[in-house]
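Chain and residue survey
The lines below spell out each chain.
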Amino acid sequence: MPLLTVANLTVNYGAKEILHKVSLTLAAGETLGIIGESGSGKTTLLRTIIGQLGYGGAVTEGVMQYKEQDLLSISAEHLRQLLGPEISMLFQDSQSSLCQIRQIKYLLYEAMSAHVSLTFAEAMARAEAIMRQIGLTDTARILASYPFELSGGMNQRVGLVFAMLLQPSLLLADEPTSALDVTVQKQVMQEMQLLQRTYHTAIIFATHNIALASKCTDKLLVLKDGVVRELGRTKEVFNHPQDSYTQELIAAVPRLRREHD
């Protein structure tokens, strides 16, 4: 039984169709990369899964099933209960999703206490354990900081801690490294993969960085203008792309094919 099944998903904003009959499956512990240029529908797909399309967005067709639960028909309250313990999201800019006038430790405690009953000390112990797992040793300073006091890379790592606090089965990552320099990009991705192995979390990773997707995904979905152009095992897609658009994307990264041969 797949962890997540999406079938013929179509999403509109007003009269404009953003996603057209998108289908995919994701198994527990698996990583699916969604690649495509800006405006291809990557973020819309992730936001549909968490029920946050925003004003004017609507699913007009399709099925979206998570652990035998229909995400498109469950109540808003039921969906809120799933977000955190079951499904979490790592945003492109974690700092912008955090309250800037509250210290990290209080934001972490609120995120946990919304779903589980625990003391402040217990919450900090859990947060510090995850932070140490990904190599953050200066936990006291980080926890006492405000988001605006931390670097972009550190905020993304804190965002990863938030996303993994409740050991979710599914992590959605929307361009989580695009605003970071190359060295920090690699660090964040390695830390995300470490936590994935620890908690057997499935990941849907949206990116326009084709080379990065080639190194850290099991399957690839290629989107263009809201339409799935290709879907398959990562190695197979990169070594034997069937769609002309996929071929163009891979050809734009000349070293990529040599790395996979």
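Residues numbered from 1 in each chain as written. Predicted model: local features only at pLDDT ≥ 70, side-chain atom pairs only at ≥ 80, totals over all residues. Heavy atoms only, no water.

Once that is clear, we can look at the packing of aromatic side chains. All told, the structure shown has three aromatic pairs when counted by the stated rule. Ring geometry for Tyr109 versus Phe120: centroids 5.4 Å apart, planes at 65°, classification edge-to-face. Note that Tyr109 is positioned in helix 3 (residues 104-113) and Phe120 in helix 4 (residues 120-133), a separation of 11 residues in sequence. With a relative accessible area of 32%, Phe120 lands in the partly exposed category. Centroid distance Tyr146 to Phe148: 5.7 Å. Interplanar angle 15°. Geometry classified as stacked. One aromatic cluster is present, formed by Tyr106, Tyr109 and Phe120 through successive ring pairs. (Phe/Tyr/Trp six-rings, centres within 6.5 Å; stacked < 30°, edge-to-face > 60°. Helix = DSSP H or I, 4+ residues; strand = E, 2+ residues; numbered from the N terminus. Buried < 20%, exposed > 50% of the residue type's maximum accessible area, 1.4 Å probe, protein only.)

Judged by nonpolar contacts, the single largest core of 35 residues is most densely connected at Ile104, Leu108, Phe162, Leu165, Leu171 and Met192. By size, the runner-up hydrophobic cluster in this structure holds 31 residues, among which are Ile34, Tyr66, Ile74 and Ala202. (Core = buried A, V, L, I, M, F, W, Y, C linked by side-chain atoms within 4.5 Å.)

Our next topic: the side chain of Thr246. One can find Thr246 in helix 10 (residues 244-251). Exposure remark for Thr246: the relative accessible area of 1% places this residue in the buried category. Beyond its immediate sequence surroundings of up to four residues, Thr246 is in contact with Val222, Glu230, Val237 and Pro241. (Contact = heavy atoms within 4.5 Å.)

This part takes up the confidence of the model for the protein. The predicted model of the protein averages 89 in pLDDT, with 96% of residues at 70 or higher. Note that residues 256-261 has pLDDT below 50 and, in this model, 15 contacts with residues that lie over four places away or in other chains. (pLDDT = per-residue confidence, 0-100.)

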